[in-house]
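Tertiary structure, described
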Amino acid sequence: GESVGLHLPTLSVQEGDNSIINCAYSNSASDYFIWYKQESGKGPQFIIDIRSNMDKRQGQRVTVLLNKTVKHLSLQIAATQPGDSAVYFCAENMVPGSNYKLTFGKGTLLTVNP
Amino acid sequence: IAGITQAPTSQILAAGRRMTLRCTQDMRHNAMYWYRQDLGLGLRLIHYSNTAGTTGKGEVPDGYSVSRANTDDFPLTLASAVPSQTSVYFCASSTQGSQVPAFFGQGTRLTVV
């Protein structure tokens, strides 16, 4: 089946800079996408989601962009802080209307340098 | 504190033994999930439950079973553990009306030797 992938396995940024984490997906039928954050030794945390009828969605310091033309998803973190250091991974809902067909990416490790 | 509690935090288990991983939530969420997380792979769904009394198979259900006797508890049982079941296991739940897991437990690190 189709799966979600990431362009960069690691990303290192300076505190205060903006971070951009990318994700490619290959299933054009996917209708819902989610970004998760996972700190070391902890469970994943839901950050933000976006439906396929949207191009952009903003949260607190985070923005998700969806480009359906090239099947690309990105997570932008503004003014990155040390507490943002974690693995970030995206997930896509490959079967619209279901709640158990999420495909998760492997993740990108974000390191924030003080 | 509202959330998901998993137990144990970690466990070393002899191959062939039976083990139940516990998961309890106090948010009254209908949907619950069990995932495994392995190095180099994304989370993979083992089993899920849309509501108390119902369960379903996920992507990698073989060797695992679940039950959902009530809303709060969703235990995962390994009937006869094998080394390939060495993994970190996460229990998760969805808010009402959501189709995806939003709340995760802290995980259970299981090593089968």
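Residues numbered from 1 in each chain as written. Chains lettered and ligands numbered in written order. Predicted model: local features only at pLDDT ≥ 70, side-chain atom pairs only at ≥ 80, totals over all residues. Heavy atoms only, no water.

1. Some remarks on the pattern of salt bridges
Per the counting criterion, the structure on display carries six salt bridges over all chains. With a closest N to O distance of 2.1 Å, Asp49(A) and Arg57(A) form a salt bridge. Where Arg36(B) meets Asp38(B), a salt bridge forms, and the shortest distance between an N and an O atom there is 2.9 Å. Exposure remark for Arg36(B): the relative accessible area of 8% places this residue in the buried category. Given the relative accessible area of 14%, Asp38(B) is considered buried. A cluster of three or more residues bridged by salt bridges with shared partners is formed by Arg36(B), Asp38(B) and Arg44(B). (Salt bridge = Lys/Arg side-chain N within 4 Å of Asp/Glu carboxyl O. Buried < 20%, exposed > 50% of the residue type's maximum accessible area, 1.4 Å probe, protein only.)

2. What about the packing of aromatic side chains?
For the structure on display, the rule yields ten aromatic pairs over all chains. Ring geometry for Phe104(A) and Tyr35(B): centres 5.3 Å apart, planes at 80°, overall edge-to-face. Placement of the pair is Phe104(A) in strand β9 (residues 102-104) and Tyr35(B) in strand β4 (residues 32-37), with the two residues belonging to separate chains. We classify Phe104(A) as buried; its relative accessible area is 5%. Residue classification places Tyr35(B) among the buried residues on the basis of a relative accessible area of 1%. In this structure an aromatic cluster arises from ring pairing among Tyr36(A), Phe46(A), Phe89(A), Phe104(A), Tyr33(B), Tyr35(B) and Phe104(B). Directly above the ring of Phe74(B) sits Arg68(B), whose terminal nitrogen or CZ lies 5.9 Å from the centroid. (Phe/Tyr/Trp six-rings, centres within 6.5 Å; stacked < 30°, edge-to-face > 60°. Helix = DSSP H or I, 4+ residues; strand = E, 2+ residues; numbered from the N terminus. Lys NZ or Arg CZ within 6 Å of the ring centre and 35° of its normal.)

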